[in-house]
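# Structure assessment
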Amino acid sequence: MAIQDIIAQFAFDGALQAVREFGSGHINTTYLAQFDSGKAYVLQQINRFVFQDADALMDNVFAVTDYLRERIAAEGGDPDRETLRFIRTKDGKKYYETPDGHAYRAYLFVKDSVCYDKAATPALFQKSGEAFGIFQQRLRDFPAATLTETIPHFHDTPWRFEHEFLPALHRAAEAQRKSCQEEITWLLSQRHQTDSLTKLLALGRLPLRVTHNDTKLNNVLFDKTTDQPLAVIDLDTVMPGSALYDFGDAIRFGANPADEDEQDLGKVSLDLDYFAAYAEGYLRRAGDALTDDEKAHLAIAPFVLTLELALRFLTDYLNGNVYFKTAYPAHNLMRARTQIKLAQDMAAKQNAMQAIIASLS
Ligand code: ADP
Ligand code: GN1
Ligand code: MG
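Described below are features of the structure shown in this document.

The rules behind each value
Residues numbered from 1 in each chain as written. Chains lettered and ligands numbered in written order. Predicted model: local features only at pLDDT ≥ 70, side-chain atom pairs only at ≥ 80, totals over all residues. Heavy atoms only, no water. Buried < 20%, exposed > 50% of the residue type's maximum accessible area, 1.4 Å probe, protein only. Helix = DSSP H or I, 4+ residues; strand = E, 2+ residues; numbered from the N terminus. Arc of directions from axis to C-beta. Contact = heavy atoms within 4.5 Å. Donors = N, O, S within 2.8 Å, 3.2 Å for Na, K, Ca; no water. Salt bridge = Lys/Arg side-chain N within 4 Å of Asp/Glu carboxyl O. Pairing = 2+ DSSP bridges. Phe/Tyr/Trp six-rings, centres within 6.5 Å; stacked < 30°, edge-to-face > 60°. Axes fitted to C-alpha atoms, helices over the stretch in contact; angles between N-to-C directions. Near = heavy atom within 4 Å. Polar contact = N/O pair within 3.5 Å; in protein donor to acceptor, adjacent residues only side chain to side chain. Areas by Shrake-Rupley, 256 points an atom, 1.4 Å probe, with all protein chains shown as cover.

Within the span of helix α7 (residues 181-189), buried status applies to Glu183, Ile184, Trp186 and Leu187. Considered in projection along α7, the buried side chains sweep an arc of 165° and stay on one side of the axis. Contacts made by the buried residues of α7 are with α5 (157-171), α6 (174-178), α12 (301-318) and α13 (331-348).

Put into structure tokens, the structure is as follows:
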């Protein structure tokens, strides 16, 4: 179905002027549609391999954004700039399903906004920490039980090890396994580290909260002129989780000066200045939404989340690249390598991270 015909299904303001693909995510396909009313909208094809229950997914994001809009309005903010405004179809549905089963949803494009794949300075990264801290603070009383866990076991690192990585390893052809033997050996040696966060949740030492679960820097919108953080986007994985998942994943992606798929591993490391800047911004804004136990364990989260992503990327490589978008056959292997290098650097800097958190708490 032509993209123009899909756009025509939504209750947009004005007549379509132009549409183009944009964004750099690994999961959804994203379009920007410009209208003669002066408004622009983001149209996204939902990846149904990743999100099997589109109804539950869209119920989640409508519920969370409606809740955030109320909170933002009560604080005197602008809900159309500080969170996503989803647009229903002309017949009132939360997404449009094409006759051949593809699902699309739409929301308002935030004008004069920008997303970064990399923070040029620690100060900018600190602002993304503020954005996720504010997000956590605003959602602290959201009724978690009303949300569906759209991807079960999303940050259940030991589950990903046992039920995804090991089976993929056993299924893979020998040649494929040999091409990443070193990575496999290292990951197998880290099995005992996979449950560092989940065991704390199971013991009740970490509370289950409504969290974002995909806190990459490019999931924060900044104001194009002032560089102030505007909104947290990419809300598909908002589910019950741990604040430590959000903190760890943000550090994993944003405190490494290299790209997630950098081939020169010499460039991959944990930058402690970036770590300190993010932690300061996040803690200041999340404030009393976090418990002392959560704060005390923040420093171990980046390692666990980085180990988890190494497992997920290598699993997808062994499975023949069925989950993440890839540009070449060894793309997921390159991503797994950067994550392993980064996790090793984080392990070496564990005490330094702990000292920074202690100085901020
Ligand atoms: P993905 O799941 O593919 O990562 P995102 O929801 O993160 O999809 O969107 C991809 C990119 O599109 C973002 O990184 C951002 O650059 C841009 N984008 C998404 N939503 C908006 C919005 N409401 N306003 C402006 N830009 C947006
Ligand atoms: C995916 O959609 P995107 O690119 O923001 C993935 C995250 C990974 C990330 C790694 C639903 O996020 O879990 O951390 O890639 N999202 C999903 O870059 O699996
Ligand atoms: Mg994204």
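The next subject is the coordination of the magnesium ion (ligand 3). Bound to the magnesium ion (ligand 3) are the protein donor atoms Asn219 (OD1) and Asp234 (OD), situated 2.2 Å from the metal. Remark: Asp234 occurs in the loop between β10 (229-232) and β11 (239-241) and Asn219 occurs in the loop between β8 (209-211) and β9 (220-223); sequence separation between them is 15 residues. The partly exposed category is assigned to Asp234, whose relative accessible area is 26%.

So, on to the pattern of salt bridges. Tallied over the full model, the rule gives 26 salt bridges. Between Asp91 and Lys93 there is a salt bridge, and its shortest N-O distance comes to 3.6 Å. Residue Lys93 is classed as partly exposed on the basis of its relative accessible area of 46%. For the salt bridge of Glu174 with Lys178, the shortest nitrogen-to-oxygen distance reads 3.2 Å. In this pair, Glu174 and Lys178 both sit in helix α6, 4 residues apart, roughly one turn of the helix. Taken together, the shared-partner salt bridges connect Arg71, Glu75, Glu82 and Arg138 into one network.

Bringing the pairing of strand β6 (residues 103-108) into the picture now. In terms of burial, β6 is largely enclosed, as 6 of its 6 residues are buried. Pairing of strand β3 (residues 40-46) with β6, which is carried by 6 bridges, proceeds in the antiparallel orientation. Opposite Gln44, over in β6, you have Arg105 as the bridge partner. Across 2 bridges, the pairing between strand β4 (residues 86-87) and β6 is antiparallel. Residue pairing in the sheet places Phe86 in a bridge with Tyr107 of β6. In this sheet, β6 lies alongside strand β5 (residues 96-97) in antiparallel orientation, the contact comprising 2 bridges.

Scanning the entire structure with this criterion turns up 19 aromatic pairs. Consider the rings of Phe247 and Tyr282, whose centres lie 5.7 Å apart with planes at 45°: the pair is tilted. With a gap of 35 residues between them, Phe247 in helix α9 (residues 243-254) and Tyr282 in helix α10 (residues 272-286) connect regions that are remote in the sequence. Residue classification places Phe247 among the buried positions, given a relative accessible area of 0%. According to the relative accessible area criterion, Tyr282 is buried, its value standing at 1%.

On to the sheet that holds β9. With antiparallel pairing, the 3 strands of this open sheet are ordered in space as β7-β9-β10. Single-partner strands in this sheet number two, and they are β7 (113-114) and β10. In this structure, β9 lies alongside β10, joined through 3 bridges in antiparallel fashion. Residue pairing for β10: Val220 is matched across the bridge by Val232. Contacts from helix α4 (residues 122-138) reach β9 and β10, with the element oriented near 120° to β9.

Next up on the list: the site of ligand 1. As a matter of local geometry, ligand 1 sits amid 18 residues, with Gln44, Val110, Asn218, Asn219 and Asp234 nearest to it. Interatomic distance of 3.3 Å between a side-chain N/O atom of Asn28 and an oxygen atom of ligand 1. Contact between ligand 1 and Leu108: a nitrogen atom at 3.1 Å from a main-chain N or O atom of the residue. For ligand 1, the accessible surface in isolation is 550 Å², of which the surrounding protein chains cover 93%. Counting residues per element, the ones that place at least two in the shell around ligand 1 are β3 and β6.

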